[in-house]
Amino acid sequence: MTINERFEEIIKVLFGGNKRAFAKAVGINPTVVENVVGARKGKPSYDVLVKVCANANISAEWLLFGSEKNLITDVFNIRKDLTLSVTPEDVAEEGGMPLKTVFTKGKKTIPKQSVSIGEAVHKVPKGSSEGIPLIPLDAVAGFPAESGGGVRLEDCERYVIPEFENKGANFLIRVSGDSMVPLYYSGDLLACRKITDIRFFQWGTVYVLETSQGVLVKRVQESADHADSILCVSENSSVHHPFLLPRDDIRSLSIIIGLVRLV
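Residues numbered from 1 in each chain as written. Predicted model: local features only at pLDDT ≥ 70, side-chain atom pairs only at ≥ 80, totals over all residues. Heavy atoms only, no water.

Some details on the packing of aromatic side chains
- This structure, assessed with the given rule, holds three aromatic pairs.
- Ring centres 5.7 Å apart and planes at 20° place the aromatic pair Phe201 and Trp203 in the stacked group.
- In this structure Phe201 comes out as buried when scored by relative accessible area, which is 13%.
- On the accessibility criterion, Trp203 (33% relative accessible area) is partly exposed.
- Ring centres of Phe201 and Tyr207 lie 5.6 Å apart, and the angle between their planes is 85°; this geometry places the pair in the edge-to-face category.
- What makes Tyr207 buried here is its relative accessible area of 4%.
- Of the aromatic side chains, those joined through ring pairs into one cluster are Phe201, Trp203 and Tyr207. (Phe/Tyr/Trp six-rings, centres within 6.5 Å; stacked < 30°, edge-to-face > 60°. Buried < 20%, exposed > 50% of the residue type's maximum accessible area, 1.4 Å probe, protein only.)

Re the side chain of Thr211
- Here Thr211 lies in strand 9 (residues 206-211).
- Relative accessible area serves as the criterion here: at 1%, Thr211 is assigned to the buried category.
- With residues up to four places along the chain from it excluded, the contact list for Thr211 reads Leu216, Leu245, Asp249 and Arg251. (Helix = DSSP H or I, 4+ residues; strand = E, 2+ residues; numbered from the N terminus. Contact = heavy atoms within 4.5 Å.)

Focus: the pattern of salt bridges
- Counting across every chain of the model gives six salt bridges.
- The partner of Glu8 in a salt bridge is Lys41, with the nearest N and O atoms 2.6 Å apart. Of this pair, Glu8 sits in helix 1 (residues 3-15) while Lys41 is found in the loop between helix 3 (30-37) and helix 4 (46-55), placing the two residues 33 residues apart along the sequence.
- Among the residues examined, Lys41 registers a relative accessible area of 37% and is labelled partly exposed.
- Among the salt bridges present, the one from Glu9 reaches Lys12, with a minimum N-O distance of 3.6 Å. Residue Glu9 and its partner Lys12 are both found in helix 1; the two are separated by three residues, about one turn of the helix. (Salt bridge = Lys/Arg side-chain N within 4 Å of Asp/Glu carboxyl O.)

Let's talk about the pairing of strand 11 (residues 229-233)
- Along strand 11, four of the five residues are buried, which leaves the element largely enclosed by surrounding structure.
- In this antiparallel pair of consecutive strands, strand 10 (residues 214-222) and strand 11, the connection spans six residues. (Pairing = 2+ DSSP bridges.)

Printed below as a string of structure tokens:
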């Protein structure tokens, strides 16, 4: 697989084949994207590679060198925060039935019955302490619950997702609304890891912020004119405009390390 084909794979897997959405998300001109994935098959510049890796959260090693030895590993490495796709009928209501995972790589498809992934990802019975808890949006700041308040672990749905657990995921939340389309869609489950020091940000990164307005999933940028605030940016910026958020209104901060998408 060439680097041009890996660009095509990123656009297909992470942006639904939408080249313009990919260009906007990573901050490059659509004509540059067309030059790389179109008929010319031009080689991307260093600046383009840096923007793709930083803004789309792509593994630089995979983007530059790829891997043809192991199909599953290659799909895992396409993004630093693993993306899982599951079908709605595979989501068990009770009893720990597996969420069967489907990946597409080139012209190959890993079957839904794939034992190596599908049976490793599953919902566990209520009351179990195994897996990652799916918590209500309004309970992020109080998680895990202190005595006398907050969400109780035993009341949460829990999912075993080894790749996310290995990356230190503390909880899952379900996306609501369209402000982060095409990066995240309503119904997506985001795997999050809480950050203890909320004073520092990596500009351009998407965070889960718990504020007085509720839980926000936004790309965070520096505000040049307001040092006491951060600029919250939506991916769907044609509908949802950027806004300032006072730093002292941030009650908790988490990074996103992966997602599960129902398709």
